[in-house]
Amino acid sequence: IHPGYGFLSERAWFARAVRDAGLVFIGPPAEAIEAMGSKTDARQLAIKAGVPVVPGNTEGVKDADEALAIAAQYGFPVLLKAAAGGGGKGMRVVRDLNEIESALGSAQREAKNAFGDDAVYIEKYIEGPRHVEIQVLADQHGNCISLGERECSIQRRHQKMIEEAPSVAVSPELRKKMGDAAVAAAKAAGYVNAGTCEFLLDKHGNFYFLEMNTRIQVEHPVTELVMGIDLVQWQLRIARGETLPFLDTPKPNGWAIECRITSEDPANGFLPSTGRITHLQLPAGPGVRWDGGITTGSVVGLSYDPMLAKLIVHAPTRELAIARMERALRELVIHGVETSREFHLRM
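Just so it is clear, the structure is predicted and the values come from calculations on it, not from any experiment.

**Q** Help me understand the sheet that holds strand β1 (residues 78-82), please; the structure alone is not making it clear to me.
**A** The strands that make up a sheet are held in pairs by hydrogen bonds between backbone atoms, and each pair lies either parallel or antiparallel. Read across the open sheet, the 3 strands follow the order β2-β1-β3; overall the sheet is antiparallel. Of all the strands in the sheet, just β2 (92-94) and β3 (120-124) have a single pairing partner and so form its edges. The sheet shows a mean angle of 30 degrees between the axes of neighbouring strands, direction not considered. The pairing of β1 with β2 spans 3 bridges and is antiparallel. Along β2, the bridge assignment pairs Val78 with Val94. Helix α3 (residues 39-48) rests against β1 and β3 of the sheet, and its axis sits at about 45 degrees to β3.

Here it is, written out as structure tokens:
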């Protein structure tokens, strides 16, 4: 069973139920999902493995008084984060002690609604960082490799909108350091299959472990294109017991960019847009990939994630990749709902 990249892919109980039924779960062991599923547990694991983490506490805070004491220890601004989840849910930046009580209450409520767990912990807030993540692949025989980085800094509401590989901010030396840290974190969790370690990268070149996504990421195509490795195929091959034939990080080949095409109105605060898709015209040509979940006639409702599709391009250089993406976006026509296309063109 391949769980996709929705909520089931990061549920240890589901991975365990599949295994207990005598089937193969195409993903990490339930124990690794559990180890990395709580951000506070993952931080403790990373610290033990010698992986740098953002300064902060490693357990959920009990109340506003404890939150204030921890914030005073690290200095404002701080970031309140849900221990059990991601996607920007249960996350609040607090710049002043007067805001902490209300921010904690709203973060806890949002975390409870989204993940069924209201635990919130505190980190030092790093101003203006880049969001850089490292793809890892680990087989069942103890081999684990990193497959370079993805730059994911262009976001709205702490959720990614544009991703690219490689990153303009990462040198070959930094790529090796971050890759080694990601592999150390994965091995500490007993990780198998495809996974991603997310890091913050500050302007001085310091990087800090944020969390591990125990699944294939939405943005995996940019890594596939620059590394020439089909990650989903390798998920299947690893689940079947095959050994990784490559044990060194390949050099990136060219540049890849992904735009998440969402059913939102960028001109109106990215509010959701619903309706029926009345006309769809897809871009084509060399180096253009469309991973879509819509056709003409598809109904876009409020019950699901707003992502309609991913538009990905690959080219020999970043400049050519940007030009190719602009051309592909201009060719893309979606009528019936507002989309993020104009935002991507402006960006």
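Once the structure has been displayed, the description carries forward.
**Q** Honestly, the packing of aromatic side chains in this entry has me stumped. Any pointers?
**A** The tally for this structure, following the rule as stated, stands at 6 aromatic pairs. Here the aromatic rings of Trp13 and Phe14 are separated by 5.9 Å at their centres, their planes lie at 80 degrees, and the arrangement is edge-to-face. By relative accessible area, which is 54% here, Trp13 ends up exposed. Residue class for Phe14 comes out buried when judged on its relative accessible area of 17%. Here the aromatic rings of Trp234 and Phe246 are separated by 5.5 Å at their centres, their planes lie at 75 degrees, and the arrangement is edge-to-face.

Cut-off values and rules
- Residues numbered from 1 in each chain as written.
- Predicted model: local features only at pLDDT ≥ 70, side-chain atom pairs only at ≥ 80, totals over all residues.
- Heavy atoms only, no water.
- Pairing = 2+ DSSP bridges.
- Helix = DSSP H or I, 4+ residues; strand = E, 2+ residues; numbered from the N terminus.
- Axes fitted to C-alpha atoms, helices over the stretch in contact; angles between N-to-C directions.
- Contact = heavy atoms within 4.5 Å.
- Phe/Tyr/Trp six-rings, centres within 6.5 Å; stacked < 30°, edge-to-face > 60°.
- Buried < 20%, exposed > 50% of the residue type's maximum accessible area, 1.4 Å probe, protein only.

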